[in-house]
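One-letter residues, chain by chain:
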Amino acid sequence: MEMEEKLSALLEAAKAEVSEAETLKEVESLRVKYLGKKGEVTSVLKGMKDLSPEQRPVLGKKANEVRDEITALLSEKRETLEKEALEKQLAEEAIDVTLPGKQVTTGQTHVLTQIMEEIEDLFLGMGYQVIEGTEVETDYYNFERVNLPQNHPARDMQDTFYITSDILLRTHTSPIQARTLEQHDFSNGPLKMISPGKVYRRDTDDATHSHQFHQIEGMVIDENITMADLKGTLELLAKKMFGEEREIRLRPSYFPFTEPSVEVDVSCFKCGGKGCNVCKQTGWIEILGAGMTHPHVLEMSGVDSKKYGGFAFGLGPDRIAMLKYGVDDIRNFYLNDQRFLEQFKRKG
Ligand code: FA5
């Protein structure tokens with residue numbers, strides 16, 4: 001029974017080698033050596049075809065026993081080695097529960113978003129709706145519907161990024177005026193809305209200009225709205241943003257979509273109006289443009305300008321944030337530098 005002896009010898013050899021294996025890699029190569037497709041047990045089995053029919057089942061049984069035994073030896077060894085490795089790792093990585101934990105740094109609402117949310121809260125409290133516009137606009141709504149026809153010289157101040165000759169990135173939030181006016185049903189009451197969002201201009205970036213910045217548009221249209229309503233509204237806004245003692249003043253200005261138009265200044269929150277470096281010694285700081293909505297803007301949206309009128313304003317929250325927090329370069333808001341932004345972390 002030569003083959004049976006061979007199998008017994010293989011088992012003995014496997015026992016010796018498995019007991020000496022020190023790594024999982026060695027265990028795996030022993031498995032290949034003995035049980036693999038070209039392994040030793042397999043090659044003994046291949047010789048079975050030369051045996052007599054009586055011998056075959058006897059040897060087959062023996063071969064299965066040897067294979068099972070080697071399989072068991074290997075898996076036992078594998079388990080032992082894995083257990084040892086785990087114990088070693090645990091011993092080396094002992095956890096010191098008294099060590100202070102790692103601080104998880106959380107982000108915060110961006111300072112510009114905070115300013116816009118504060119302004120939204122104020123106007124929501126006065127019954128305004130907050131309306132979102134699209135950043136990609138048509139030339140028609142961005143310019144024509146706010147009284148800036150093709151070739152109007154005031155277009156020069158608001159060059160932008162064009163997608164096609166008729167589609168562009170909006171230069172201000174004012175196109176939302178026409179878009180809201182033409183949707184509004186005055187039989188349901190007055191139109192009172194603000195619209196915050198990003199706008200774009202072909203401005204060269206410097207300390208006070210960015211090619212992408214934010215604006216908040218505001219508009220109120222009803223019967224009997226006067227400039228006193230505009231002034232009272234903006235006074236509230238100035239006090240909310242810069243403190244209760246603030247006053248505002250209106251200076252004549254020009255926008256094609258409002259008549260009359262004004263620039264609005266707030267009394268300097270740093271010096272109280274005496275004159276300092278923030279207000280460039282004038283006691284006043286310009287914060288926004290505004291005016292009484294031009295009748296033609298209303299008529300273009302199908303609103304009867306004899307019956308209805310009102311005011312609009314547009315402010316730049318980036319500039320307001322700069323003033324409020326003494327930030328000397330607008331580009332800081334767009335660098336995503338956590339060291340700069342974390343100073344504006346809201347409490348609670
Ligand atoms: C306008 O854009 C008018 N649509 C505002 C308006 C609306 C007037 C409704 C009347 C009625 P102006 O170009 O002045 O106006 O821009 C308004 C504000 O946007 C400025 O006061 C300033 O705060 C901000 N702004 C303008 N250009 C830049 C820029 N490149 N970077 C940062 N802020 C800017």
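Attention in this report is confined to the structure presented alongside it. Bear in mind the structure is a predicted one, so any value in this text is a computation, not a measurement. (Residues numbered from 1 in each chain as written. Predicted model: local features only at pLDDT ≥ 70, side-chain atom pairs only at ≥ 80, totals over all residues. Heavy atoms only, no water.)

Examining the sheet that holds strand 9 (residues 309–315)
Step number 1: Within the open sheet, the seven strands sit side by side as 1-4-5-9-8-7-6. Their pairing is mixed. Lying at the two open borders of the sheet, with one neighbouring strand each, are strand 1 (129–130) and strand 6 (248–255).
Step number 2: Looking at chain direction, strand 6 and strand 7 (residues 258–267) are connected through seven bridges and run antiparallel. Note that in strand 7 the partner of L250 across the bridge is V264.
Step number 3: Of the strands in this sheet, strand 1, strand 4 (191–200), strand 5 (212–222) and strand 9 are in contact with helix 5 (residues 111–125), which crosses strand 4 at around 170 degrees.
Step number 4: Its contacts with the sheet place helix 8 (residues 227–242) against strand 6, strand 7, strand 8 (284–293) and strand 9, and it is angled at close to 150 degrees to strand 8. (Pairing = 2+ DSSP bridges. Helix = DSSP H or I, 4+ residues; strand = E, 2+ residues; numbered from the N terminus. Contact = heavy atoms within 4.5 Å. Axes fitted to C-alpha atoms, helices over the stretch in contact; angles between N-to-C directions.)

Looking at the site of the ligand
Step number 1: Around the ligand, a shell composed of 23 residues is seen, among which H172, S174, R201, D203 and Q215 lie nearest.
Step number 2: At 3.0 Å, a side-chain N or O of H172 approaches a nitrogen atom of the ligand.
Step number 3: In the model, a nitrogen atom of the ligand is placed 2.7 Å from a nitrogen or oxygen of the D203 side chain.
Step number 4: Burial of the ligand by the protein chains amounts to 92% of its free accessible area of 680 Å².
Step number 5: A molecule is said to occupy a pocket when more than half its atoms come within 2 Å of that pocket's grid points, and by this definition the ligand occupies the largest pocket.
Step number 6: For the shell around the ligand, the secondary structure elements donating two or more residues are strand 5, strand 8 and strand 9. (Near = heavy atom within 4 Å. Polar contact = N/O pair within 3.5 Å; in protein donor to acceptor, adjacent residues only side chain to side chain. Areas by Shrake-Rupley, 256 points an atom, 1.4 Å probe, with all protein chains shown as cover. 1 Å grid on protein atoms, 1.4 Å probe; cavity = no way out; pocket = protein on both sides within 12 Å on 5 of 7 lines; lining within 4 Å. Sits in = over half its atoms within 2 Å of the grid points.)

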